[in-house]
Amino acid sequence: MAADDASLVPAWWEPMLAKADGGRLRSGPEWAYEYKLDGYRAAMRIAPDGTTVLTSRNNIDFTAEFAELAGVLGPALDGQAAYLDGEVVVYGEDGRIDFERMQERRGRWVRHQSGPKGLEFTDVPVRFLAFDLLRLGDRSLLATPYDERRRLLAELPMPDPYRVSVVHAVTFDELAADRRTPADFLAHAAAAGYEGVVAKLRSSAYSPGQRPDSWLKHPLIRTQEVIVCGWRPGQRSFTGTLGGLLLGAHDPGTGDLVYIGDVGTGFSQATRADLMAQLQALERRTHPFATTPPREDTVRARWVEPRLVGEIVYRQFTRGGRVRHTAWRGLRQDKDPAEILAPRAVAPEPAPAPPPEPSGQRITVQAGNRRLTLSNLDKVLYPAAGFTKGEVINYYSRVAAVLLPHLAGRPVTFIRYPNGVDGQKWFEKNVPKGAPDWLRTVRLAGRGGTIDYPILDDLPGLVWAANMAALELHVPQWTVASGARGTPDRLVFDLDPGPGTTIVDCCRVAERLHDVLVADGLTPYAKTSGSKGMQLYCGIRTDDPAAPSTYAKGLAQRLARETPETVTAVMAKAQRPGRVFIDWSQNNPAKTTVAPYSLRGRDHPTASTPVTWDEVRACRHVTHLTFTADEVLDRIDDHGDLLAGLKEAAPLPD
């Protein structure tokens, strides 16, 4: 082998992903089971000479950050190249994977990148846990069955298992031989603090970048009653209202009130305002806990008397006494604070997981100040992604804080997919029969008579719509005022890529529109459509309902004249190939556009996502501006609502 070949690391592949199992852990001799890990997904790529590169799931180089992992396996592979798929994790003192410590370590790394080099963070050691082998020597294993890949992985030498080792996996048959079931394995995962279990088809190949039915994840999500002990004022788009709550509960052993973490998602705009009003009346100067919470957790905290009880959804309770992956569910007026006990990090005896709910079973939940009955939560609405109705409801509940301001006062048109995105869909403007009597509605004149539109201005209304499989929410560019249609407060340009073009071409047109709109005194904001194209919005003031269409049409025609080979301002199909259609007609008061953060009825649960202008300018591939529900939630944590500035209106130019 030539020397230069020996130093070549294997080419990177986009990792294969697990699909949600719809709440039903698969069972049978064709399945194997692994723990779902709580770290950073990473590829370990090793060249024949031992050169090692660690790469994130998004192809970001992790090698320098986790340098202590880079040289572990190379010398033991005896000149063979290798490609391992796995997770980089940090362990806590209790021997459990601790994502909090990983985050703390990562924060230190980011802060010190521009400082002295050679920082090893030896006080927080990391470990690479491999769960798949994609290449060994010159042989690609992508088409090799899972069982064979795992056998080869298990045979690899592990000279330092404290730094690199293999994730434990067990087959259905192995469980059966021990008189155990997959439910027992899941219960053990819960007791040990893992995020969940992944079931993998033993005969399956490795499909880079895909989320097939052969890998199915079963997450462990829990609810917990909590005592509200403080709050933080909101920032960015939540300035002037509540940003999050600081939570407490009584230690089961001592009875002391202890701090157990915080929650910052799952609130509607109305809920934030209502909670803040209640909390301001309960303010106190000092925290109410038996011991002082960590300073980094209580920056900007305002403390209150511990009298209000609420409920959260959470995924994990750490040995350090913190709830993680939280979302607010609502206040519990029926609970006394004295009754609220902190969860236990370790179950005393692992118990079998309860059987999954039957498909049609109904459950009652608290959404804001309403109790709603939900049904068929395990029904898969996005078959290609295994995304269930329960996950749709969870997404809309968690995104409500930023979505509801864009729905407030606007009549909503639903696109419902009761049998999933592969089934029949229908548009629905009128409030359906059986809608709750508390749902706000407005009666407006339409072409065929009057229409009773729903108005979704709170969390219960949003959850009710999601329970009807109303995946897509569409709204006009005006709000209802005194029961009648108001004047437009938003200007929109809908950029629709014709055959042979993509959202990348839309971005180039968007850049040109941006410059013209700014020159005209407007502030444009961009979002993806969640499908193929994108929209630009401006907050405006006008007394003429027809003025936005007139202005937008003139601007669209101007760009089409300047570059007729790439832009068209007419809808005719013959004009569309190779061009981006600037649909100015969406400003017609009778028309609607998909709401920001709305899901779309496509193969995967993509959403209409606000983006920055830096992202628009940098876009060179459709994947750069394609976001799924989970990615949208992460973006909200990072950016808040990028469209919050739309409430600032400017006069519409003549």
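Residues numbered from 1 in each chain as written. Predicted model: local features only at pLDDT ≥ 70, side-chain atom pairs only at ≥ 80, totals over all residues. Heavy atoms only, no water.

Caption draft 1: Quick look at a negative patch on the surface. A cluster of like negative charges, contributed by Asp630, Glu631, Asp634, Asp637 and Asp638, occupies part of the molecular surface. Note that Glu631 resides in helix H12 (residues 629-639). (Patch = residues over 30% accessible without salt bridge, like charges linked within 9 Å, V, L, I, M, F, W, Y side chains within 5 Å. Areas by Shrake-Rupley, 256 points an atom, 1.4 Å probe, with all protein chains shown as cover. Salt bridge = Lys/Arg side-chain N within 4 Å of Asp/Glu carboxyl O. Lys, Arg positive; Asp, Glu negative; His and termini not counted. Charge placed at Lys NZ, Arg CZ, Asp CG, Glu CD. Helix = DSSP H or I, 4+ residues; strand = E, 2+ residues; numbered from the N terminus.)

Caption draft 2: The arrangement of the packing of aromatic side chains in detail. For the structure shown, the criterion picks out twelve aromatic pairs. On the basis of an interplanar angle of 15° and a centroid distance of 4.8 Å, the ring pair of Tyr35 and Phe185 is categorised as stacked. Here Tyr35 is found in strand S2 (residues 31-36), whereas its partner Phe185 is found in helix H5 (residues 182-191), with 150 residues between them in sequence. Summarising the burial analysis for this pair, Tyr35 and Phe185 share the class buried. Aromatic pair Phe62 and Phe66: ring centres 5.3 Å apart, planes at 80°, arrangement edge-to-face. The pair formed by Phe62 and Phe66 is uniform in burial state, with each residue classed as buried. Here the aromatic cluster, defined as three or more aromatic residues joined through ring pairs, consists of Tyr33, Tyr35 and Phe185. (Phe/Tyr/Trp six-rings, centres within 6.5 Å; stacked < 30°, edge-to-face > 60°. Buried < 20%, exposed > 50% of the residue type's maximum accessible area, 1.4 Å probe, protein only.)

Caption draft 3: Quick look at helix H8 (residues 459-467). Burial runs high along H8: nine of the nine residues are buried. Taken together, the buried residues of H8 touch strand S19 (362-367), strand S20 (370-375), helix H7 (389-407), strand S23 (413-416) and strand S27 (470-475). The N-cap of H8, judged by a side-chain oxygen 3.0 Å from the amide nitrogen of Gly461 a few residues on, is Asp458. (Contact = heavy atoms within 4.5 Å. Polar contact = N/O pair within 3.5 Å; in protein donor to acceptor, adjacent residues only side chain to side chain.)

Caption draft 4: Region of the structure containing the confidence of the model for the protein. Residue-level pLDDT values for the protein average 87, and 92% of them are 70 or greater. Of the regions scoring below 50 in pLDDT, residues 114-118 engages in zero contacts with residues more than four places distant in sequence or in other chains. Segment residues 346-360 is flagged for pLDDT under 50; beyond a separation of four residues in sequence, or across chains, it makes 20 contacts in the model. (pLDDT = per-residue confidence, 0-100.)

Caption draft 5: Spotlight on the sheet that holds strand S35 (residues 593-594). Spatially, S24-S23-S27-S35 is the arrangement adopted by the four strands of the open sheet, whose pairing is antiparallel. The sheet terminates laterally at strand S24 (426-428) and S35, the two strands that pair on one side only. (Pairing = 2+ DSSP bridges.)

Caption draft 6: Examining the environment of Ile227 more closely. Relative to the elements of secondary structure, Ile227 occurs in strand S12 (residues 222-233). Among the residues examined, Ile227 registers a relative accessible area of 1% and is labelled buried. In sequence terms Ile227 and Asn419 are 192 residues apart; their C-alpha atoms lie 39 Å from each other. Excluding residues within four positions of it along the chain, Ile227 makes contact with Leu246, Leu247, Gly248, Ala249, His250, Leu257, Pro306, Leu308, Pro337 and Ile340.

Caption draft 7: Structural view of H7. Across its 19 residues, H7 extends only 21 Å between first and last C-alpha, which sits more than 12% below the 27 Å expected from 1.5 Å per residue. Within H7, the axis deviates most sharply at Ala400, by approximately 75°. Counting buried positions along H7 gives 14 out of 19 residues, so the element sits mostly inside the fold. Two residues or fewer past H7, Gly409 is found with a positive phi of approximately 75°. (Expected span 1.5 Å × (residues − 1). Bend = angle between axes of the 7 residues up to and from the residue.)

Caption draft 8: Here's a closer look at the sheet that holds strand S9 (residues 169-171). Pairing is mixed in the open sheet, where five strands are placed in the order S1-S11-S10-S2-S9. At either margin of the open sheet sits one strand with a lone partner, and together these are strand S1 (19-20) and S9. With three bridges joining them, S2 and S9 adopt antiparallel strand pairing. By the bridge assignment for S9, Glu34 is matched with Ala169. Each of S2, S9, strand S10 (196-201) and strand S11 (215-219) is contacted by helix H3 (residues 146-155), which is oriented at about 55° to S2, the strand it contacts most. (Axes fitted to C-alpha atoms, helices over the stretch in contact; angles between N-to-C directions.)

Caption draft 9: Local environment of the pattern of salt bridges. As enumerated under the stated definition, the model contains 24 salt bridges in all. One salt bridge in this structure joins Glu428 and Arg416, with 2.9 Å as the shortest N-O distance. Linking Glu428 in strand S24 with Arg416 in strand S23, this pair joins segments that are twelve residues apart in sequence. Of the two residues examined, Glu428 and Arg416, each falls in the buried class. Linking Arg635 and Glu615 is a salt bridge whose minimum nitrogen-to-oxygen distance equals 2.8 Å. Here Arg635, found in helix H12, pairs with Glu615, found in helix H11 (residues 613-618); they are 20 residues apart in sequence, far enough to count as distant. Within this structure, Glu34, Arg150 and Lys200 form a network of salt bridges that share partners.

Caption draft 10: Inspection of the environment of Val567 at higher detail. Structurally, Val567 can be placed in strand S33 (residues 567-568). Judged by relative accessible area, Val567 falls into the buried class, the value being 2%. The spacing of Val567 and Thr623 is 56 residues in sequence and 22 Å in space, taken between C-alpha atoms. With sequence-adjacent residues up to four places away left out, Val567 is seen in contact with Val509, Arg512, Leu559, Ala560, Arg579, Val580 and Ile582.

Caption draft 11: A look at the pairing of strand S29 (residues 484-488). Of the strand pairs in this sheet, strand S28 (residues 478-481) and S29 are connected by three bridges, and their pairing is antiparallel. Each residue of the ladder has a partner; that of Ala481, found in S29, is Ala484. Counting the residues between successive antiparallel strands, the hairpin from S28 to S29 contains two residues, one of them, Ser482, with a positive phi of roughly 55°.

Caption draft 12: Local environment of the side chain of Gln366. Within the fold, Gln366 resides in strand S19. When its relative accessible area of 16% is taken as the criterion, Gln366 is described as buried. Within the structure, the side chain of Gln366 is placed 3.3 Å from the side chain of Arg371, a separation counted as a polar contact.

Caption draft 13: Focus on the packing of H7 against H8. The geometry of H7 relative to H8 is characterised by a closest axis approach of 9 Å and an angle of 140° between their N-to-C directions. In terms of axis orientation, H7 runs oblique to H8. Seen along the crossing, H7 lies across H8 with a hand that is right-handed. The residues of H8 that touch H7, namely those facing Lys389, Val392, Ile393, Tyr396, Ser397, Ala400, Leu403, Leu404 and Leu407, are Leu459, Leu462, Val463, Ala466 and Asn467. Of the residues assigned to the contact of H7 with H8, the class counts are eleven nonpolar, two polar and one charged. (Parallel < 35°, antiparallel > 145°, perpendicular 65-115°, else oblique. Left-handed = near helix turned anticlockwise from the far one by under 90°. Nonpolar A, V, L, I, M, F, W, Y, C, P; charged D, E, K, R; others polar.)

Caption draft 14: Region of the structure containing the packing of helix H9 (residues 503-519) against helix H10 (residues 547-562). At a minimum axis separation of 11 Å, H9 and H10 run at an interaxial angle of 125°. Considered as vectors, H9 and H10 are oriented oblique to each other. For the pair H9 and H10, the crossing hand works out as right-handed. Taken together, the residues of H10 that come into contact with H9 (itself represented by Val509, Arg512, Leu513, Val516 and Leu517) are Tyr551, Leu555, Arg558, Leu559 and Glu562. Residue composition of the contact of H9 with H10, grouped by class: seven nonpolar, no polar and three charged.

Caption draft 15: Here's a closer look at the state of the cysteines. Scanning the model with the defined rule gives zero disulfides in all. Free cysteine Cys507: the closest other cysteine sulfur is in Cys619, separated by 3.9 Å. The class of Cys507 is buried, set by a relative accessible area of 0%. (Disulfide = S-S within 2.5 Å.)

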